[in-house]
Amino acid sequence: GINAEYMGVIKRVPETLSRQILEKMHAVEAQKAFDHIEVAKPNELSEYDCILFGAPTRFGGMPGQMATFLDATGGLWSQGSLVGKLGGVFTSSASQHGGNESTILSFVTYLFHQGMVIAGLPPSYQGQMGIDELNGGSPYGATTIAGGKGERLPSKKELDGAKFQGKHTAQISSRLIR
């Protein structure tokens, strides 16, 4: 989430897969890389003025871990705790046609149901417009193509797009909370 002073907080959602499954997926080491990041609790979302959600693409949608986390926000929904807050989504996929846009589009339905205002990656970020290199990004939000084994890092254009979306979203949020 981001507060009015553009102070970012990075958290992760709880892992829902067992260690045994993670071992079969060869994902234990990858999980360890995130041990230093605090696990979010659904009720914390109401504390933020703005929330940018990041999730990898899993078969053209958000992964089960994120869906499980969002499913646990029914109490926030029933209280209207996120109504009027600003939200957005960024994602990554294994391939160019791996579902980045469909992931964001399916994700924002949750934000709409919560009554949130949505901010994407506007066309004023020109880095998403070129065809001179493989790059992610769309009006729906910042994206990257990571490769099936995470072998591709985000390009400069993709990182710039993510920063642009973050700044753009924080600026809109600061106007909304005045």
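Refer to the structure printed above.
As the structure is a prediction and not an experimental result, all values here were calculated from the model.

Whenever I open this one, unusual backbone geometry confuses me. Can you help?
Peptide bonds are mostly trans, and most non-glycine residues show a negative phi. In this model, His26 sits at a positive phi of 55 degrees, which is unusual for a non-glycine residue. Tracing the sequence through the fold places His26 in the loop between helix H1 (19-24) and helix H2 (28-32). Using a relative accessible area of 74% as the deciding quantity, one classes His26 as exposed. Unlike most non-glycine residues, Phe59 shows phi in positive territory, near 55 degrees. Assignment of secondary structure puts Phe59 in the loop between strand S1 (50-56) and helix H3 (64-71). For Phe59, a relative accessible area of 78% gives the class exposed.

Teacher, can you tell me more about the environment of Gly87 here?
Considering the arrangement of structural elements, one finds Gly87 in strand S2 (residues 86-93). Along the chain, Gly87 and Val117 lie 30 residues apart, while their C-alpha atoms are 6.0 Å from each other. Excluding anything up to four places from it in sequence, Gly87 contacts Ile51, Leu111, Met116, Val117, Ile118 and Ala119.

What exactly am I supposed to notice about the environment of Leu111 here?
Mapping Leu111 onto the fold places it in helix H5 (residues 100-113). Classification of Leu111 as buried rests on a relative accessible area of 0%. Spatially, the C-alpha atoms of Leu111 and Ala72 are 14 Å apart, while their sequence positions differ by 39 residues. Once you skip the residues sitting within four places of it in the chain, Leu111 turns out to touch Phe53, Gly87, Gly88, Val89, Met116 and Ile118.

Help me out: how do you make sense of the pattern of salt bridges in this one?
Any two side chains of opposite charge can pair, so long as their charged atoms come close to each other. If you walk through the whole model with that rule in mind, you get seven salt bridges. Note that Lys11 is salt-bridged to Glu38, the shortest N-O span being 3.4 Å. With Lys11 in the segment before H1 and Glu38 in the loop between H2 and S1, this residue pair connects regions lying 27 residues apart in the sequence. Relative accessible area serves as the criterion here: at 46%, Glu38 is assigned to the partly exposed category.

Sorry, what's going on with the pairing of S2 here?
For a regular strand, the rule is simple: side chains alternate between the two faces of the sheet. Among the eight residues that make up S2, six are buried, leaving the element largely enclosed by the rest of the structure. Both S1 and S2 contribute to a ladder of seven bridges, which runs parallel. Across the sheet, residue Phe53 finds its bridge partner in S2, namely Val89. Inspection of the sheet shows S2 paired to strand S3 (residues 117-118) by two bridges, in the parallel sense. Pairing of Leu86 across the sheet is with Val117, part of S3. Looking at chain direction, S2 and strand S4 (residues 143-145) are connected through three bridges and run parallel. The residue of S4 that forms the bridge with Thr91 is Thr143.

Hey, could you run me through the packing of aromatic side chains in this one?
The relation between two aromatic rings is expressed through the spacing of the ring centres and the mutual angle of the planes. Taken as a whole, this structure holds three aromatic pairs when the rule is applied. Arranged with centres 6.3 Å apart and planes meeting at 90 degrees, the rings of Phe53 and Tyr110 form a pair that is edge-to-face. In this pair, Phe53 sits in strand S1 while Tyr110 sits in helix H5, placing the two residues 57 residues apart along the sequence. A single burial state applies to Phe53 and to Tyr110, both of which are buried. Ring geometry for Tyr125 versus Phe164: centroids 5.5 Å apart, planes at 45 degrees, classification tilted. Residue Tyr125 is found in the loop between S3 and S4, and its partner Phe164 is found in helix H6 (residues 156-176); the two are separated by 39 residues along the sequence. Taken together, the ring pairs connect Phe53, Phe107 and Tyr110 into an aromatic cluster.

Reading the values: rules and limits
For every chain, the first residue of the written sequence is number 1, and numbering continues from 1 along that sequence. Per-residue local features are limited, in this predicted model, to residues with pLDDT of at least 70; the limit for side-chain atom pairs, both in listing and counting, is 80 or more; totals at the level of whole chains, interfaces and linings are taken over all residues. For side-chain calculations, the full set of non-hydrogen atoms in the structure is used, while hydrogens and water are omitted. In this text, helices come from DSSP runs of H or I with a minimum length of four residues, and strands from runs of E with a minimum of two, each type numbered from the N-terminal end. The buried label goes to any residue with under 20% of its type's maximum accessible area, the exposed label to any with over 50%, and the partly exposed label to all in between, with areas taken from a 1.4 Å probe on protein chains only. Any two residues whose heavy atoms approach within 4.5 Å at even a single point are treated as in contact. By salt bridge we mean one thing: a side-chain nitrogen of Lys or Arg within 4 Å of a carboxyl oxygen of Asp or Glu. For two strands to pair, DSSP has to find at least two bridges joining them. Only the six-membered ring of Trp is used, alongside the rings of Phe and Tyr, when aromatic pairs are assigned; centres must lie within 6.5 Å, and planes under 30 degrees apart are stacked while those over 60 apart are edge-to-face, with the rest tilted.

On their own, these measurements won't tell you what the molecule is for.
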